[in-house]
Amino acid sequence: NQTVGRPIVYFMVDVYSRIILAASIAFDNNSIVGLTNLFLNLSDNKQDYCNRFGINFDNPALWPSNIIPKKVRVDHGAEFKGKEFERICNELNIERILVPVATGSMKGIVEQSFHQMHMKQNVHLENYGLIEKRHDSKHHTESTLNIYQYTQMVITFVLTHNQQCLTNYPLTKDMI
């Protein structure tokens, strides 16, 4: 019954396959809590996770579980530069790569995933609390989704996204 703000979404996307490996949806902005939830989601059984939100899928390869990456490429957000994230990476033997400031193109894969998610969601959120950068935006009075429903939307996007196949994927010499 109370508008509490916009949920913060974290994605972890595999560079080669473009599969979204983990997602975190919460109200914790720029925090180690949201980031920790993202890493916990890596190890979650995704079928059980989706079942908690009333979503079922049969093929576990659609959203893999129990993955620990060798490297993570992150921006200079406070949660990524902090000692706690550094400790997590060290304990899991993950190399943390901080991209240079103001180079969003160096993490374009995850940024494009967010762009695709917003493009697909926005048509459904119009008049239901879509946050628009306009002076007459009524998102505070129109909002009707709760965090459970929004998480369902994100999960549905992830499952749809992970089923897309790039037929003309450009391979580098290293990939070949």
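Here is a short report on the structure shown in this document.

Reading the values: the criteria
Residues numbered from 1 in each chain as written. Predicted model: local features only at pLDDT ≥ 70, side-chain atom pairs only at ≥ 80, totals over all residues. Heavy atoms only, no water. Axes fitted to C-alpha atoms, helices over the stretch in contact; angles between N-to-C directions. Helix = DSSP H or I, 4+ residues; strand = E, 2+ residues; numbered from the N terminus. Parallel < 35°, antiparallel > 145°, perpendicular 65-115°, else oblique. Left-handed = near helix turned anticlockwise from the far one by under 90°. Contact = heavy atoms within 4.5 Å. Nonpolar A, V, L, I, M, F, W, Y, C, P; charged D, E, K, R; others polar. Buried < 20%, exposed > 50% of the residue type's maximum accessible area, 1.4 Å probe, protein only. Core = buried A, V, L, I, M, F, W, Y, C linked by side-chain atoms within 4.5 Å.

1. Thoughts on the packing of helix H1 (residues 32–43) against helix H4 (residues 83–91)
H4 packs onto H1 with a crossing angle of 20 degrees between their chain directions and a minimal axis gap of 10 Å. The angle between the axes of H1 and H4 places the two elements in the roughly parallel class. For H1 against H4, the interelement crossing comes out right-handed. Contact residues: H1 offers Ile-32, Leu-35, Thr-36 and Phe-39, while H4 offers Glu-84, Phe-85 and Ile-88. Across the contact of H1 with H4, the residue classes break down as five nonpolar, one polar and one charged.

2. Some points on the environment of Asp-14
Relative to the helices and strands, Asp-14 is located in the loop between strand E1 (8–13) and strand E2 (20–26). Owing to a relative accessible area of 27%, Asp-14 belongs among the partly exposed residues under this scheme. Along the chain, Asp-14 and Pro-69 lie 55 residues apart, while their C-alpha atoms are 8.6 Å from each other.

3. Considerations on the nonpolar core
With 22 residues, the main nonpolar core has Phe-11 and Trp-63 as its most contacted residues. Those elements that provide at least two residues to this core are E1, E2, helix H2 (46–51), helix H5 (108–125) and helix H7 (147–161). In terms of residues, this core owes the most to one element, H7, which gives six residues. Among the nonpolar cores identified, the runner-up in size contains 15 residues, and Leu-21, Ala-22, Leu-38 and Ile-94 belong to it.

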